[in-house]
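Okay, here's what each chain looks like letter by letter:
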2 protein chains.
Amino acid sequence: VNISQITLSHIQGTPLYKQLAAAFMAAIERGEVQPGEQLPSERVLVQRLGISRTTVVTAYQELEAQGFVCRQVGRGTIVCAQARDTQTSFAWQGKVARGALRTSDPTLRLLSSISSDPTVISFAAGIAALDLFPAQLFQEITARTWRDQAKLIIELGPTEGLLFFRQAIATMMGVHPSQILALSGSQQGIDLIARCLIDPGDSVLLDAPGYLGAIQIFQAVGAHLVGWDSAHADMNELEDLIVRYRPKLLYTTPTFHNPTGRTISRQTRLHLLELAARYHLPIIEDDPYRDLAFNIKPPPTLLSLDTQRLVIYLGTFSKTLASGLRLGWLAAPEAIVNHLTLIKGRSDLFTTSLQQLVVAQLLMSGIYKQHVHTMQSEYAKRQTVMLRELRRSSPSDLIRSCPVQGGLYLWCQLGYGIDAQVALQKALQVGVAFLPGEVFYPDGRGHHELRLCFSAIPPPQIIEGVRRLTQALSGLRSYAGQERYPIL
Amino acid sequence: VNISQITLSHIQGTPLYKQLAAAFMAAIERGEVQPGEQLPSERVLVQRLGISRTTVVTAYQELEAQGFVCRQVGRGTIVCAQARDTQTSFAWQGKVARGALRTSDPTLRLLSSISSDPTVISFAAGIAALDLFPAQLFQEITARTWRDQAKLIIELGPTEGLLFFRQAIATMMGVHPSQILALSGSQQGIDLIARCLIDPGDSVLLDAPGYLGAIQIFQAVGAHLVGWDSAHADMNELEDLIVRYRPKLLYTTPTFHNPTGRTISRQTRLHLLELAARYHLPIIEDDPYRDLAFNIKPPPTLLSLDTQRLVIYLGTFSKTLASGLRLGWLAAPEAIVNHLTLIKGRSDLFTTSLQQLVVAQLLMSGIYKQHVHTMQSEYAKRQTVMLRELRRSSPSDLIRSCPVQGGLYLWCQLGYGIDAQVALQKALQVGVAFLPGEVFYPDGRGHHELRLCFSAIPPPQIIEGVRRLTQALSGLRSYAGQERYPIL
C-alpha cells in the first residue's frame, strides 16, 4: 500500500478510522494489495499519518470484521486469502422483514467491541468488577459439578430451568419455584416479554432516560414508545400518560436506575402499583442493581408489594458476578410464566444447566451473599475515586454529576453546549469510552448527557481514564455546537 | 386424602394422570389436605387404584409444576406451604399479544420432562448418546480454559461469537469467519431467521414431515406454512408450490432428514439451488445430522454448492456432543449475518464464551473428529438393534420402518389403523415414549406414523423399550379407530 496516497480529513463527517478502513478496502479491491500481503504496522501508520493508535486499531478491527484482513500473531495484519463474495450477491436486503428493519442501532454490539480493545479505558458498558470475580472458587465448584452432576449438565434441560436453581432463587425472593423462569441473561427476559405481550402499534411506557436494551427491544417489536422520567417520578404525569396512551405495559428500573442511579421511594412504589391496578397495567420491574447498595437498604421490590399479581420481575447475575455467565431469571405470576416459558422453549430450548448448578451452589452456601458485600464496598470506593477525579481534573461547569447510593453509574451533564456524540469521538481518539446520553432516550434527547460506569475497572485506571476524558472535553469547550458525527 | 374417594375412568377423554392430578388439586383446594401434609406414596397409589407407576409419577409432576406440592428427599410428596395465588388474579390472558397466541403447542417443553422421568424409556427426544460423552476430557479442557482464559469466560463476549470459535468453524466449513455467527443452539438460528425474514402472512415452504421446532417457530411469527415432501423431492411439485405461494424462504433438512432419515442427492441439490436462484428464494439448510453418517459420505452441503449466496446454513453440537452445551452456529453471506447478529444481540446479547472456547479446542485438536467416528459406529449399531428388536417382537404389519444411512431416527408406519396419539398414551402407561407423527406436519397429518430415536440409549434399554412399545401396540390392534386423547 502506498501510504502517502492515503488522505484523511479531520473535518469531514466520517470518523477517521472509517476513512482509513475505506482507503485500505479500496486498495484491496483494486488489487493494489494481494491476498497474503502484509498491511503496514500500527506504529508506521501512527507516525506517517499523524493519527492516534486507537484510530488505526479500530480501522483494522473494522477490516477484520468485514473479512478483508486477518491478524496473525507474529505476522501482523494480512490481506485475506479468501476473496469476499463481491461477485453474485443475492438481494438479501429486499428479503428482510418490516419488523427487523424497525431498528438497527448497533450500540449493544459495539459496546463489546470497545470493551475488548486493550488501548481504550472503557466507562461505557455496565459491567461488574471482573478483577474481583471469585475465579478460583468458581472453577472449583465447576469442576465438582462436572464430577458429580455430569449427566444433568449435558442432557436436555427443562425450559423453565432446573428445579435446584429455581428453588434457590424462589427462596431468595420469597415466592414459589413455579413462579421462576431461568433466563440466558435478563436481556432475554425483556425480549420474551416483548414477544409475549406486544403487538405492533401497542404503546409501551418506559423510563426516559432508561435502559437502551429495553428501548431497542420494544422498538423492534413495533411498539409506540412513551417515555416517563421515572427518576423524578411525577405521578400525575404518569397517570396522564396512562390515560392518554393506554399503554400495554410499563417498563421500569425502580432501584439504582440505569442511567441516573435514582431509586423510587416505597411511597411512590405503592402509588405506582395503585395506578397500575386501577388501569390494569402490567409492570416490568427490571432489577439488576438491587444487591449493589452502598450503606442503605433499598425499598422493597414492586413484586413483593404487589397484591394484584401484575408485576413481572427480572433479575440477573451479570452485575454482581459476571455477564459472561449469561444467567438471569424472572419471577412472575404462574399464568404469565407459562406463556413466557413456551416462547423461551421456541427461542433457545433452555439455558445451560452448568451455570444454573454452579450459581445455585453459590447462593445456597452463602458465598454469593459474601461476594455481594465485597462488591458493594468496592463499587462505593470506585464511585468515590471517579467523582473525586472528575472534580479535581476539570472545572465544575465542564462535566457535572451527583453521587449515587448504589448501582454502577454516574449520569453526567456536559457544559458549554458540548455534544456527547462529538465528545465520544474525541474521547476514543485519546483512549477512553463512555455512552452518550441519547442512546438512553427513545426520542433522541440527551445530547448533552453521558453515562460513566465506575464499577468495571480498578481505581488506577479510573484515574487515568478520567484524565483522558477531561482532556478530551476541555479541547471541546471552544467547539461547542460543531457538526455531529454519527454514533461511533 | 381419602384414596377410596378417587375415581378414575379409563374410557373418559382425559388421560388418567390428569384425572388423578385433578382429584388431588380439588382435595387441596377444598382444604382436605393441609400445607405440609404428605400425599400417599407412589407405591400405595399404584396398589390401591390399580394404575401404572408412570401415571402416578406424571400426576405428581403435574402437581409439582403447578405449585401444589413439592417433593422432598426422604419425606415424599408434600403439599406446599405457600398457597397458590388463587385470590386476586390479574387478567394476564387478556394481555397476551396476538402473535404469542398463534401457537401454544408445548411438545418441545414436554420432551424434556419425559426424558427426565427415570421410569420411562424415551425414544422421543432426538438426543446424542450421552453415555458416550467424553465427560472426563471435557472437564479437563474446561478446567484448563478456566485457568488460562478466565477473563475471556467472564467478560462481555462479542455477539457474533469469539473469533477463536468462528475461525475453527470457518476452517471446518471452508468459509470466512465473518460468515459465521455463534448460536445458543441451532434452534436459536431458526428463531433469528424467522424474526429477520418473516412478516405475518408471508408464506414459508418447509419439509412435511419436518422438524417440529421449525414448524412452531414459523407458525409463531404468523407465517403461512406450505409443506413439501422433501424426502421424496418431487421438483415439479416444488416449482408449482413456489409459483403458487411465492414463499419468503424454503426451510429444509436435506441430509439424514428429521424425521424420515432420507438424504437429498447431489443432483437434486443442484436442481433445488437452480429453482431457488430462479425464484429468488432463500434456503435455510438445517444440517444437524451430517456428521452422523453410517458408512456413506453424504453429498456436499447446499451452502457449498450455492453460487448465488442464497443459503443460510445451520449447524449444532447437540447431536454429536450434547444438547446441554447449547452451542450451534450459522454460516451465511455477510449481508444477512449482520442482520441476524443485530437481532441476536437484542435477544440474549451473546452466547457463553466458555462453551465456545472448549468446543473450539476439541475441533482444533482433532478430538472432535475422533469422537464423531465413535458416535457414527455406535449409532449405526443402535439402529441395528432397534430394527432387529422391532422385527423380532412384532408382526411386520403392526409397525414398519426402513433402515436409514445416518442420523438419529427411525420413521415408522403403524398398521391396523392405530392412531399414534392413542398409542402414545398406552406406551406411557407401560413406560416407553416416542413422538407421534402429527407433530412433524404443519397440517395435522401423520396420525398413523411415529418417530423413534435410536441414538439416545444403550442397546439393553433399547431392547426393553421396544418390548414395551410392541406390547402397547399389540394391545391396540383390536381398538383401531377408537377415540383420540389430546397430545400427552
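## What to know about the sheet that holds strand β4 (residues 180-183) of chain A
Residue and element names in this part refer to chain A.
Consideration 1: Spatially, seven strands are ordered β4-β10-β9-β8-β7-β5-β6 in an open sheet, and the strand pairing comes out mixed. Whereas interior strands pair on both sides, the edge strands pair on one side only; in this sheet they are β4 and β6 (224-228). Taking each pair of neighbouring strands and ignoring which way they run, the sheet shows an average axis angle of 20°.
Consideration 2: Here β4 runs beside strand β10 (residues 328-331); their pairing, made up of four bridges, is antiparallel. Paired with Ile 180 across the strands is Ala 331, a residue of β10.
Consideration 3: Across the face of the sheet, helix α7 (residues 163-173) comes into contact with β4, β9 (311-316) and β10 while running at roughly 60° to β10.

## Remarks on the side chain of A:Ser178
All names here are of chain A.
Consideration 1: With respect to the helices and strands, Ser 178 occurs in the loop between α7 and β4.
Consideration 2: A polar side-chain atom of Ser 178 sits 2.7 Å from a polar atom in the side chain of His 176.
Consideration 3: One polar contact links Ser 178 to Glu 334, side chain to side chain, over a distance of 3.1 Å.

## Quick notes on the packing of aromatic side chains
Residues and elements named next belong to chain A.
Consideration 1: In total, this model carries 24 aromatic pairs over all chains according to the counting rule given.
Consideration 2: When the centroid spacing of 5.7 Å and the interplanar angle of 55° are considered together, the rings of Phe 24 and Tyr 60 count as tilted. Of this pair, Phe 24 sits in helix α1 (residues 16-29) while Tyr 60 sits in helix α3 (residues 53-65), and the two are 36 residues apart along the sequence. You'll find Phe 24 and Tyr 60 in the same group, each marked buried.
Consideration 3: Measuring from ring centre to ring centre gives 5.6 Å for Trp 411 and Phe 440, while their planes differ by 90°; the resulting arrangement is edge-to-face. On the criterion of sequence distance, the pair formed by Trp 411 in strand β12 (residues 409-414) and Phe 440 in the loop between β14 (435-436) and β15 (449-453) is long-range, its members being 29 residues apart.

## Topic: the relation of the copies chain B and chain A
Consideration 1: For the match of chain B to chain A, the screw axis carries a shift of 0.0 Å, the RMSD comes to 0.1 Å, and the turn is 180°. The transformation relating the two chain copies, once decomposed into turn and shift, fits a two-fold axis. Relative to the rotation axis, the closest C-alpha in chain B is found at B:Ala143, a distance of 3.4 Å.
Consideration 2: An overlap of 100% is found between the interface residues of chain B and their copies at the interface of chain A, pointing to a shared contact surface.

## Topic: the interface of chain B and chain A
Consideration 1: Each side of the interface is counted separately: chain B has 98 residues, and chain A has 98 residues.
Consideration 2: Where chain B packs against chain A, one counts three salt bridges.
Consideration 3: B:Asp199 is paired through a salt bridge with A:Arg98; the nearest N and O atoms lie 3.6 Å apart.
Consideration 4: Summed over the shared surface of chain B and chain A, the result is 19 residue pairs in polar contact (both at pLDDT 80 or more).

## With respect to helix α3 (residues 53-65) of chain B
Residues and elements named next belong to chain B.
Consideration 1: If you check α3, its first and last C-alpha atoms are 18 Å apart, about what 13 residues at 1.5 Å a residue would give, namely 18 Å.
Consideration 2: Taking burial as the measure, the 13 residues of α3 include ten buried ones, the bulk of the element.
Consideration 3: Taken residue by residue, α3 has Thr 54, Thr 55, Val 56, Val 57, Thr 58, Ala 59, Tyr 60, Glu 62, Leu 63 and Glu 64 as its buried positions.
Consideration 4: Positive backbone phi, at 85°, marks Gly 67, one or two positions downstream of α3.

## Thoughts on unusual backbone geometry
Consideration 1: Look at the link from A:Ala208 to A:Pro209: it is a cis peptide, with omega at 5°.
Consideration 2: Turning to its location among the elements, A:Pro209 is positioned in the loop between β5 (203-207) and α9 (212-220).
Consideration 3: Here the bond from B:Asn258 into B:Pro259 is cis, since omega is 10°, no more than 30 degrees from zero.
Consideration 4: As for its placement among the helices and strands, B:Pro259 is situated in the loop between β7 (249-252) and α11 (266-278).

## Observations regarding the side chain of B:Thr260
All names here are of chain B.
Consideration 1: Along the chain, the position of Thr 260 falls in the loop between β7 and α11.
Consideration 2: At a separation of 2.7 Å, a polar atom in the side chain of Thr 260 contacts the side chain of His 257.
Consideration 3: For Thr 260, the side chain forms a polar contact with the main-chain nitrogen of Arg 262, separated by 3.3 Å.

## Topic: the confidence of the model for chain A
All names here are of chain A.
Consideration 1: Per-residue pLDDT for chain A averages 89, and the proportion of residues at 70 or more is 92%.
Consideration 2: Low pLDDT, under 50, characterises residues 83-87; the stretch is placed with eight contacts to residues that sit more than four places away or in other chains.
Consideration 3: In this model residues 480-488 is a low-confidence stretch, pLDDT under 50, and it forms 32 contacts with partners more than four residues away in sequence or in other chains.
Consideration 4: Reported confidence for the predicted complex is 0.81 by ipTM and 0.82 by pTM.

How each quantity is defined
Residues numbered from 1 in each chain as written. Chains lettered and ligands numbered in written order. Predicted model: local features only at pLDDT ≥ 70, side-chain atom pairs only at ≥ 80, totals over all residues. Heavy atoms only, no water. Pairing = 2+ DSSP bridges. Helix = DSSP H or I, 4+ residues; strand = E, 2+ residues; numbered from the N terminus. Axes fitted to C-alpha atoms, helices over the stretch in contact; angles between N-to-C directions. Contact = heavy atoms within 4.5 Å. Polar contact = N/O pair within 3.5 Å; in protein donor to acceptor, adjacent residues only side chain to side chain. Phe/Tyr/Trp six-rings, centres within 6.5 Å; stacked < 30°, edge-to-face > 60°. Buried < 20%, exposed > 50% of the residue type's maximum accessible area, 1.4 Å probe, protein only. Least-squares fit on C-alpha atoms with pLDDT ≥ 70 in both. Salt bridge = Lys/Arg side-chain N within 4 Å of Asp/Glu carboxyl O. Expected span 1.5 Å × (residues − 1). pLDDT = per-residue confidence, 0-100.

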